[in-house]
Structure formats: structure tokens, C-alpha cells
Amino acid sequence: VTTDVRSRILLSSLNGKMSDALALLRQQQQTSVDVELLHTMLARAAALAHADTIAYMWYQHVMPRRLPVEGRLLCEMAGVALYQDRLFLPAQFLQHYQAMNRDRRTSPEDELIEYELRRIKVEAFARGTMHSTALREKWKVFLQEMDTLPGQPPLRLRDFPQMTKAMGIALMQQDEQAAALALFGRQPLVIKNEWSLPLLLAGVLWHVPGPAQARRVLAEFRQSYRGLPLLDAELVIKRRGFEINT
Amino acid sequence: MHLKKGKRSISTVWRLLWKRFYSVNSKTNMHFSRSRKKPVTNFTRTNGLLLSCNGDTFPYLRTLWRYFNAPGNLMFVTTNIVAFMGIVTYNTLVTISSERAFEEQMMAAQVSLAKQREELETTALSLPRDIELRGEEDDIKWEQPDVAHVREDPLVEEQNAKLDTPIKQYTLGDLILNKRENVTDYDSQRAKASIFHMLYAYMLYRDVIQPTTMTQNNNSEEWRREVELLTKGKEVQGTHRRIDVFYDLWNKNFDKIVTSPEKVQNFQLPNWSKYPTILKFICTELHDNSLKTLGEFKQFYGKVRSNEVKKLLGLWLYDHSFLFPHNIYDNRTEEDFYDILINDSMQDNRIFQKYSSIVMNPYNERTQLFFPNVNSPSVNKPVPSISLETYTRLLKGYINLQETGCKYDYNDNIFKLISILKLNCFLQRNKKKHAGPTVRILLPRDEDRSQILGTISQAEKRTCYQILSKNRDVVALLKRISDIQADSS
């Protein structure tokens, strides 16, 4: 890349014309990307939600050559990828991040980034399989990623909008509803985080048709589990205007 | 009666006024003589204001008049009045002129506003008056304007360009281009940064701790000054020589310095022209080597002559082997490298034990890195295997340890090695025709062991044992073992 082309690409991406910058970059050779160009383009693409650039840079440069990318930037890129329907990317971001952090002592920030990347992966799966897979599958992915997080951070329903939406779609069907209730019973994996099951409960309560059904779900849940934090479930009951004592 | 009263009151008022203005009163003299000092007290009571004097003080104006009447005072007061009038006049003139200027500005502004408004109304935004009345109908008719169409309108374009946006538009002048740095993959760059940091720290540490010897005289002035800065004001004892202690400290405290992706990406070898000779050499090699695979690390290791550095690199590699990618089948050179490492660490108990654990413990993940795999159909996954030569070297190392270092007992390890040799050996057909089959030793994990070993036939085992019995190294080692047993019993 000549200096001229390089500064043109940088200028376009700084001025928000990501598609121009991407078009220019595509004309160049594979090995032409340097540190400055790569990180400027990734950061601007994440800021301007330009998913094409993110996907191109990822598949052509970052992933095959295992280039280091900051965790914060990965989180932003994952957020863009999730809502621009590049649903395979978040899982790869997470894998990349984990590969780079194999032996590092975890700082609080690392934990946050890990949480965020895993959350987006779960969300991306829920979004991608909104209508196609059963609730059980989404729950399994959720348990695999979120439940195994070290430190067991609180998991809240509000952080999983796509998953909640997918739950609603699944619960519309009668057999799925039964399956959701069955999830309270036996679990495919040993659940480590005390916030996981209450999140499922709150998600189901958010979509039940009326207070009678909600009471039944709550009773079912109580039969199996006690002493779990039901903050989200209470909030959902209040928001929906049911009069149930939790 | 009213009228009468009115007449009377008017005449009274008139008289009073007369008195006030001219201070002519038949009794004035008497008042004056009676209370000479009263005005002072009166003035103080009424805050010295003449206007707020009540009727009682009225006669004392006479005093004022007398005071005023004196020739010197008259001059003084007149001068004051004249000066005051001058100031007032000047002030008024200034105010008037500034007001006029302001008015002129206002006029000009109004004129220009009117002109602008006229322009706007005539050109771009001529909206019908009754727009509010037809609002809803308009909304229905209204369509999204075509973006391309808007672009074509030069007037709008021009106005659009004139408007400032809060988002900064960068131009070529704003751009400060840094030096071009090629992107490098995380693992190799981190390995370089880590090795450089470790060796730099070690060289400083060694020079600080050692008393000034002739080796230091070769060093540059800058390096010596850096060492002096560290030694200044501290008691430095010259007892070290434990490289593994240094390594442990460094690994614990400083290895994590260069792990964040940002730091790794921006890592650059500094200008090494002033460093000691060994460090200079290492920097050059690190710079030239891309250090992406274990093979490249082997090259780097092979070029190093210093024993200390070799030891450090050996210790480092054991802890950082994950930075190198695994080859699944073809890692013959890696096995050679393992052989070299074992050979080099023969003298150093600690490194030797670390590396031998790669063979002894099949769950050690470095096994996959160093040893070529044999695809075993019975478990359907690659199983690492080690050559007989390397294995005998390992055995020899343990026997050496048992013979020399009496601190620990290595009998268990030796016994385990021999039993592995006996159970896990198999024949590998050589691709070259002239050489016969060679013996290799499988290193399966516990869960796969019985399945894999079951596939080795008795005939194959027998051939293996025949080859083993002809191998001089093995036989010599076994003899040494039996001697040790005889000694200890």
C-alpha cells in the first residue's frame, strides 16, 4: 500500500465513510494491512456499526493470522455483529479472546469482557434460532456459557432481550410450554450459578397468559427449588400486574 | 364655610412657603440667638439631609445662608457647581453619541435581516400560509423525498455545505501517520516480548549482583550507568547462580507485564546497540526470527551459546509452550528438539524433571507439542509416541541423578520408565528401504491404554524385545541399574 492509499483509507474511515474505506482496502493485497490501519478501521466500524467492515477484517486478517485485538473492542464488535445479524461472529470473538487469555490472571475488567462476550454469544444463538430450535437448546447454550462463568455473577433477565423474545415465541406452542416447565425439573447439566434458574422462571412468567398460569408455574418452581434469588420473578410479576405473593 | 376655610388655608400655606424660601421671619433672630448649637444636633439626627428637615429646623437655614454668604465659601461652592455642571454635560454628550451609534447598528441589522428573510421566502422555503389548515391532508400526500433528487438540487447542496456539523471532518492535514508497523500474530509477538523482557532483566540482575569484574568492562558506558543506578545505596551481595530462582521470581511477577493484546501488538525491540554482547546477539536473533513455530524456536535456541541463557530459555519454554501451535502428525524436528533439551538439561535437576514429566505424565499437554502422533484405529485418535533414542537418554538422565544426587530417590521413576518401555513399545516400519523397522514407545492416556496396547501383537512385541536386547545403550543402562540396586541393598 502506498502512503497515499493508506491515508485515503484512514481518512474515509475517520470521516465515517466506511464503505469507501472498505472498497479501497479490498483492492489492496492481503499482506498490506498494518497495525494502525487495522485498529482504526475496526474501531471506526464498531463505532459506526458497519458490519461489513467488521466481517471482512475479521475473516481476512484477524482470525486467520491470530492478530491481537483488545477485549473492549471485541465486545463492541460483537454487539454490532449481533444486531446486524452476523450471528456466527460473536462465538468466534469469544473463542479468539479466550485463546489470547489462556494463562492470564483475570482482572475485574477481563471478567467483565468475558461476561459480555459470552452474553452476546448466547444472545446471538437465541436470535439466530428464534423460530427454529426448541427452548431446550437455547437453555443448554445459556447454561454452557453463562452458568459456567467463574465468579458466578448475577444473571438478569433484562440482559438477555433476544433470549427472552425467543422464549416468548417458544412458549406460544403448547408442547413447548410443557417442555419449559419440565426444565425446572431435571437439568441436562449441573447448575452452578444460583441466578440461572430464576432467570428461566422470570422468562416464563413474562410470557404466561394470566395470573392463574403464573401461580401454577411459581408453585411448580417452588416444589423443586427454594432459597434462590427471585428478584427478577418479583419484578416481572409487578410489571405484569399480577397479584401474587412471592 | 369650606370656601372660607380654603382661603384661610391657602393664605397659611403661602405664608409658610414664603417663610421657607426666604427665611424671613420676625422671630428668626430670637430663634437664632436661643439655640446656636442646635443645627448640628439636628443635622446628625436627620442624617445630614436638608430635605428631610422638619419644620423645627426650618429657621436654621438662615445659618446656612450666612455660611454661604461668606466670600471664601461662595467662591468654593460656585467652583464646585461649575465643575459639576461640566461633568454632567460631558457625560450627557457621551451617552447621546453612543446611543446614536447603537441605533445605527440596529438599523443595519434590521435591514440585513429583512434582506435575508426576503431571500429565503423567495428561494427555498416558500410555504403556503394555510399549511396548518391542510396539515393532515398534506401528511397523507407527503412522500419520502428521493435522496438522489435532493442531491441534485445545487442550492440545497450549497446550503448544506455551509452548515457546520459538530462531527469533525478530517482532512489530510489532520492526519498524523505513524511509522508503518506490520501486523504480527499474538503468540509469536508475545513470545518475543516475553523472552526479551526475561533476558534483559536477567542481564541486569546478573550485573547488579556480581561485583565488578572484567566482564563488565566490555560493556558500554550506558549499560554500566544503568547498573550503577540500581546498585546505588544498596547492599548488594554477590551470591546468586541459581537461575531457576531468578526465573521463578520473574515468571511470577513480571511475565504478565506483556500479555495485554495492545501491549503485545505495540511491542518493539529497543535499540540494542548499547547492550552487553550476549543481549545484543539475542536481540538480533529475535529480530530476524519470526518465532511462530517450535521449529523456529529451536533454530533460535540452537544459535545461543551461553549456558545460562540456554537454561533460562529451557525454563521459559516449558511454561510458555502453549504459544506454539501443535503439529498433529509431522513433528519430527520437534522431537529432535526435545532430545536436545533433555541433553542440555542433564546437569540441571529441575529442568530435567520438568521435561521428563512430559513423557512420564501422559496428561501433560506438551506431549502433543513435542512428539509425533501415531494414528491408532482402535481409539480413533492420534496417540503420541517417542523414539527409543530419546527414551534411553531420558532413562540415562534418571540413572545419573540416582547415582550422583543422593537427596532424592529416583527409583520409582526409573522403574516406571522401564515398565513403560516394556509395555508400550511397538514397531514402526521405516520409509527408507535399507533401514529396518525401528522401535518407538507409545504414550497413551490412562483411559485409552488397554485398548491401544491390546492391538500390539505378541509377535511384534517379541521383535521389539529382540531389537532392544541388541541395543547397546539400553543394555548398558540396564546393567548400571542393576549395579545401583546392588549398591543400595
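All figures in this text were calculated on a predicted structure; none of them were measured in a lab.

1. Thoughts on the overall build of chain B
Okay, step 1: When helices and strands are tallied, chain B shows 24 helices and four strands.
Okay, step 2: Counting only residues that meet the buried cut, chain B has 32% of its 489 residues in that class.

2. Overview of the nonpolar core
Okay, step 1: In this structure, B:F297, B:W316, B:L317, B:Y355 and B:F370 are the most contacted members of the largest nonpolar core, which totals 79 residues.
Okay, step 2: Broken down by element, this core gets its largest block of residues, eleven residues, from helix 9 (residues 186–209) of chain B.
Okay, step 3: Summarising the domain contributions, this core has at least three residues from each of domain 1 (182–324) and domain 2 (327–488) of chain B.
Okay, step 4: Here B:Y355 is in contact with B:G314, B:L317, B:Y318, B:Y338, B:L341, B:I342 and B:F370, once residues within four sequence places are set aside.
Okay, step 5: A:I9, A:A21, A:A78 and A:A81 belong to the second largest nonpolar core, which has 45 residues in total.

3. Side note on the pattern of salt bridges
Residues and elements named next belong to chain A.
Okay, step 1: According to the stated counting rule, one finds 23 salt bridges over all chains in the structure shown.
Okay, step 2: Here D34 makes a salt bridge to R6, at a shortest N to O gap of 3.0 Å. A residue pair is termed long-range when its members are at least 10 positions apart, and D34 in the loop between helix 2 (18–27) and helix 3 (35–47) and R6 in helix 1 (residues 3–14) qualify at 28 residues.
Okay, step 3: Taking relative accessible area as the criterion, D34 reaches 0% and is therefore assigned buried.
Okay, step 4: Taking the relative accessible area as the measure of exposure, R6 reaches 4% and is therefore buried.
Okay, step 5: The closest approach of N and O atoms between E145 and K121, which form a salt bridge, is 2.7 Å. With E145 in helix 8 (residues 135–147) and K121 in helix 7 (residues 108–128), this residue pair connects regions lying 24 residues apart in the sequence.
Okay, step 6: By relative accessible area, which is 10% here, E145 ends up buried.
Okay, step 7: When its relative accessible area of 23% is taken as the criterion, K121 is described as partly exposed.
Okay, step 8: Within the structure, one salt-bridge network assembled from shared partners comprises E114, R118, K121 and E145.

Thresholds applied
- Residues numbered from 1 in each chain as written.
- Chains lettered and ligands numbered in written order.
- Predicted model: local features only at pLDDT ≥ 70, side-chain atom pairs only at ≥ 80, totals over all residues.
- Heavy atoms only, no water.
- Helix = DSSP H or I, 4+ residues; strand = E, 2+ residues; numbered from the N terminus.
- Buried < 20%, exposed > 50% of the residue type's maximum accessible area, 1.4 Å probe, protein only.
- Core = buried A, V, L, I, M, F, W, Y, C linked by side-chain atoms within 4.5 Å.
- Domains from an automatic or database assignment.
- Contact = heavy atoms within 4.5 Å.
- Salt bridge = Lys/Arg side-chain N within 4 Å of Asp/Glu carboxyl O.

That's the geometry; what it means functionally is another story.
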